[in-house]
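Structure assessment
Spelled out, the chains give:
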Amino acid sequence: MDINQKYTPQSWPDHPETATLEGKNKFVGFWLLLAAETVTFASLFATYLALKDKGPSGMEFSAAGLFELPLVFAMTMILLTSSLTSVYAMHHMKNYNFKAMQAWLAITVLLGLTFLGLEIYEFNHYVHIGFGYTNSAFSSAFFTLVGTHGAHVLFGLSWFIALMLRNAKRGLNMYNAPKFYLASLYWHFIDVVWVFIFTVVYLMGVIG
Amino acid sequence: MAHDTHVHVRSQAEFEYVKKKRAEEMRGHLATFAIMIFLTLIAFTMVAAGFSVYLIVPIILLLAGIQVVLQLYYFMHMSGKGHGMIAFFMFSGMFVAFITVLTFVTIIWW
């Protein structure tokens, strides 16, 4: 089969992401990566939990006094909504509607950028009031965990943007359908990690 | 080539059926999203309302667990066919994750 074969909505397969051997291999390999990422984040969460509120004596910052829930709530809602918009994008991908998919991906990217902007604002605010990376064991563990998640958001956004631009004129085919599908899986995984960050770091941090 | 994909053109009836099924699936995803928003609201409200820590922590961890299951099984389609190996990968990862967190919160102290 020619990888650039043209399709119509009638001939587009049910599961274009796994319709070719290449797609199947990517699919399995990518989930293996996500399982490994689970372990990566677990080690960062474990480090954070062990070092929470720990540092030199007389340290003035603690989780209970530092975190502000309204900002975290806004970030959570934005990321959760972006998860839904990428579901919409994949819905249109499976319907062989390239333009609708690109439009929903663009909305996803905008929401992701807003999330990232708020996170940068938050980090900047902490550094500004003296809670920098080297302030305490607590601050290092916090910035490493939440910062690694933020780096994943940045990577996910770059991935979406690269796919959208590179395939803008090509349209959907068996070559890029698995790529779009995996990028959206990655985006959902980022939301999965954030669910634990807002629960374990922020909510459990505020209650002490 | 050995891995040739057969291009199957659906009949109009078949096509309408698949389209309808997808629209139904999308409505299911919307319901899942509504549940996720609701669970998040409960978690934040409980903390804002200032209930006992011993009540809040287990409940918000449970809510987070439910939300992750919804993400994995519905948004990421792990409930679909051909995800057996994937479930094996993810549950292995989660098992190691659980042991790692358990170790760090129980045997480390300062």
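Residues numbered from 1 in each chain as written. Chains lettered and ligands numbered in written order. Predicted model: local features only at pLDDT ≥ 70, side-chain atom pairs only at ≥ 80, totals over all residues. Heavy atoms only, no water.

A separate point is the packing of helix H3 (residues 69-94) of chain A against helix H6 (residues 177-206) of chain A. All names here are of chain A. Closest axis-to-axis distance for the H3/H6 pair is 10 Å, and the angle between their directions is 160°. Judged on the interaxial angle alone, H6 and H3 are roughly antiparallel. Crossing handedness for the pair H3 and H6: left-handed. (Axes fitted to C-alpha atoms, helices over the stretch in contact; angles between N-to-C directions. Helix = DSSP H or I, 4+ residues; strand = E, 2+ residues; numbered from the N terminus. Parallel < 35°, antiparallel > 145°, perpendicular 65-115°, else oblique. Left-handed = near helix turned anticlockwise from the far one by under 90°.)

Take the UniProt feature "transmembrane region" (unreviewed entry) in chain A next. In the numbering used here, UniProt assigns the "transmembrane region" (unreviewed entry) feature to residues 30-51, 71-91, 103-121, 141-165 and 185-207 of chain A. Within residues 185-207 of chain A, the helical portion is 96% and the strand portion 0%, while the C-alpha atoms at the span's ends are 32 Å from each other. (UniProt positions renumbered as here; feature names shortened; annotations may be inferred.)

A few words on the interface of chain B and chain A. If you look at the interface, chain B gives 54 residues, while chain A gives 57 residues. Note on chain B versus chain A: buried area summed over both sides is about 5,000 Å², and carbon and sulfur give 78% of it. Applying the counting criterion to the chain B and chain A interface returns two salt bridges. One salt bridge in this structure joins Asp14(A) and Arg22(B), with 3.4 Å as the shortest N-O distance. Elements with a minimum of two residues in the side of chain B that touches chain A: helix H1 (12-49), helix H2 (53-75) and helix H3 (84-106) of chain B. (Contact = heavy atoms within 4.5 Å. Buried area = accessible area lost by both parts, 1.4 Å probe. Salt bridge = Lys/Arg side-chain N within 4 Å of Asp/Glu carboxyl O.)

Residues with a pLDDT of 70 or more make up 99% of chain A, whose mean pLDDT is 95. Of all helices and strands in chain A, the one with the weakest mean pLDDT is helix H2 (residues 63-66) of chain A (93), whereas helix H4 (residues 98-128) of chain A scores best (98). (pLDDT = per-residue confidence, 0-100.)

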